[in-house]
Amino acid sequence: MGPSDNRRGMSAPSLKLKPNVQARVLAGHPWVFGNEVEVLLPPEFDGEAVECRDRANRLLGTGIYNGKSQIVWRRLGRERLALDAAYLRGALERSVARRRSVGGTAVDPKVVPARRLVWSESDDLPGVVVDQFGDVLVAQIQTIAMEKRSALLGDLLAELLEPAEIIFRNDAPIRRLEGLPLEVHTRSGAPWAPRWVAIDGFDYWLDLEGGQKTGFYLDQRPQHAAVARYCGGGRVLDAFCNQGPFALHAARAGAARVLGLDSAEEAIAAARRNAERNGVAAEFTAANVFDWFNAPERRDEPPWDVIILDPPPFAKSKSALEGALRGYKEINLRALQRLAPGGVLATYSCSHHMRDAELRGVLAEAASDARRRVTVLEWSHQPPDHPVLATMPESEYLRGYILRVE
């Protein structure tokens, strides 16, 4: 008897919340943790869809179960349902439809070849992330239930979108929390060689099988153009530049000088290749950004007109938040000290444990210590193709500010 047998009038096991537990699921959050339920289910239900009920036996919904994970239940829907081909097809169709009408305007996938198509719980597919790069899809599967159905997901994506290839980037360390191995493969079984991919008017040399995450950080695309508006004629520093998109946009916008910094040699090599390919003047140097700012020779250099800080997540867990706040303050303080009067600081955090109020507090402290008058020009967070689920703070992770520094 499987967890979905109750759809045929037969009893099936379900999770039940402990008494007097203030579980977030009662307020609409899609997760239930192992310490919030009375009894875990037998191992044969790992990766299957099961119901969850409150203490009064009221149905909270159907979700995917994994007793090996700290998050034992992730909601699929508030009703009884089966995690079958019909459910997956419907969820994928709705997800793609959302991207076709972002902002009320129809979007032709041929015009916007790079975008996020599926964003996990925000699209009713917990643990599934799918990015599109032209005619190639890159999928990450991070839950055991979706891993069991990965071939079916690939078939449905192929049917709905007709991509030339689907690359499964199942190498994120978070898979270990679900008891899953790390691996990378293509749907066809053939290797996908790195190549040039056009994104927002620039060609990028992308290794979708071996690059970071799904191969390119699509969440900052709107900010590349937003920051470029402030770069004309100025000296621009792009810290934590990765493959260089901020730097490339700044150079094309007419910056007098552009310097990109990143600690990863392979990222710097990619950024240089991208600049050469696109015919823009930008320099790139491999350096630890903190050490670079603190070097004594910085004191004798002319200030920058625009500084971009887009670091990797400093707070990968709640326990790391305190140290992360110190790191964010330090790097923003150094940037504020190196900006010319009237300069612009574009600063971002992709740590979902760090809320906007905490980021704003860090910036206020850094501004006070730097003795600079700082005003907010623009506020940003992740774009609409990375939708934020209102009842799930974890679905929002990217936030930033464009600041005027006087």
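A quick note: this is a predicted structure, and the numbers were derived from the prediction, not measured.

A. Local environment of the sheet that holds strand β13 (residues 235–239). Across the sheet, which stays open at both edges, the seven strands sit in the order β15-β14-β13-β16-β17-β19-β18 with mixed pairing between neighbours. In this open sheet, the two edge strands, each paired with only one partner strand, are β15 (283–286) and β18 (374–381). Strand-to-strand twist of the sheet, defined as the mean angle between neighbouring strand axes without regard to direction, takes the value 15 degrees. Relative to strand β19 (residues 399–405), β18 runs antiparallel, the two being bridged by seven bridges. Looking at β19, one finds that Val374 is bridged to Val405.

B. Representation of the packing of aromatic side chains. A full pass over the atoms with the stated rule returns seven aromatic pairs. For the ring pair Trp292 and Phe293, a centre distance of 5.4 Å and an interplane angle of 80 degrees mean the geometry is edge-to-face. Taking relative accessible area as the criterion, Trp292 reaches 12% and is therefore assigned buried. Members of the aromatic cluster, connected to one another through ring pairs, are Phe202, Tyr204 and Phe216. Here the guanidinium or amino end of Arg235 rests over the ring plane of Trp304, the centre of that ring lying 4.2 Å away. Between Arg252 and the ring centre of Phe202, over which it is positioned, the NZ or CZ distance is 3.9 Å.

C. How the structure looks around the sheet that holds strand β9 (residues 165–170). Taking strand neighbours across the sheet as the criterion, the five strands line up as β6-β7-β8-β9-β10 in an open arrangement whose pairing is mixed. A single partner strand is all that each edge strand has here, and the edge strands are β6 (114–119) and β10 (183–186). Here the average twist between neighbouring strands, direction ignored, is 15 degrees. In this sheet, strand β8 (residues 136–141) lies alongside strand β7 (residues 128–133) in antiparallel orientation, the contact comprising six bridges. Looking at β8, one finds that Asp131 is bridged to Val138. Along the sheet, helix α3 (residues 150–161) makes contact with β6, β7, β8 and β9, crossing β9 at roughly 145 degrees.

D. Looking closely at the packing of helix α1 (residues 85–100) against α3. One way to put it is that α1 packs onto α3 with a least axis distance of 10 Å and a crossing angle of 45 degrees. Between α1 and α3, the angle falls in the class oblique. Handedness of the α1/α3 crossing: right-handed. Together, Ala85, Leu88, Arg89, Leu92, Glu93, Val96 and Arg100 of α1 and Leu152, Leu153, Leu156, Leu157, Glu159, Leu160 and Leu161 of α3 make up the contact between the two elements. Partitioning the contact of α1 with α3 into residue classes produces ten nonpolar, no polar and four charged.

Scoring rules and cut-offs
Residue indices begin from 1 for each chain and proceed along its sequence in written order. Owing to the predicted nature of the model, reporting of local features is limited to residues with pLDDT of at least 70; listing and counting of side-chain atom pairs is limited to 80 or more, with chain, interface and lining totals taken over all residues. As a rule here, side-chain values cover all heavy atoms of the structure and leave hydrogens and water aside. At least two DSSP bridges between two strands are needed for those strands to be called paired. Secondary structure elements are taken from DSSP: a helix is a run of H or I of four residues or more, a strand is a run of E of two residues or more, and numbering for both begins at the N terminus. An axis is simply a line fitted to the C-alpha atoms; with a helix, the fit covers only the stretch in contact. Between two such axes, the angle follows the N-to-C directions and lies from 0 to 180 degrees. Think of it this way: a Phe, Tyr or Trp ring, Trp meaning its six-membered ring, pairs with another when their centres are within 6.5 Å, and the plane angle makes it stacked under 30 degrees, edge-to-face over 60, tilted otherwise. Exposure is judged per residue with a 1.4 Å probe applied to protein chains only, and the accessible area is read against the type maximum: over 50% gives exposed, under 20% gives buried, and values in between give partly exposed. Definition used: whenever NZ (Lys) or CZ (Arg) falls within 6 Å of the ring centre and also within 35 degrees of the ring normal, the charge is taken to sit over that ring. The criterion used for residue contact is that any of the two residues' heavy atoms lie within 4.5 Å. Angle categories are assigned with fixed cut-offs, so that under 35 degrees is roughly parallel, over 145 is roughly antiparallel, 65 to 115 is roughly perpendicular, and the rest are oblique. With the far helix as reference, a near helix turned anticlockwise by less than a right angle produces a left-handed crossing, and one turned clockwise produces a right-handed crossing. Charged means Asp, Glu, Lys or Arg here, nonpolar means Ala, Val, Leu, Ile, Met, Phe, Trp, Tyr, Cys or Pro, and polar covers whatever is left, Gly included.

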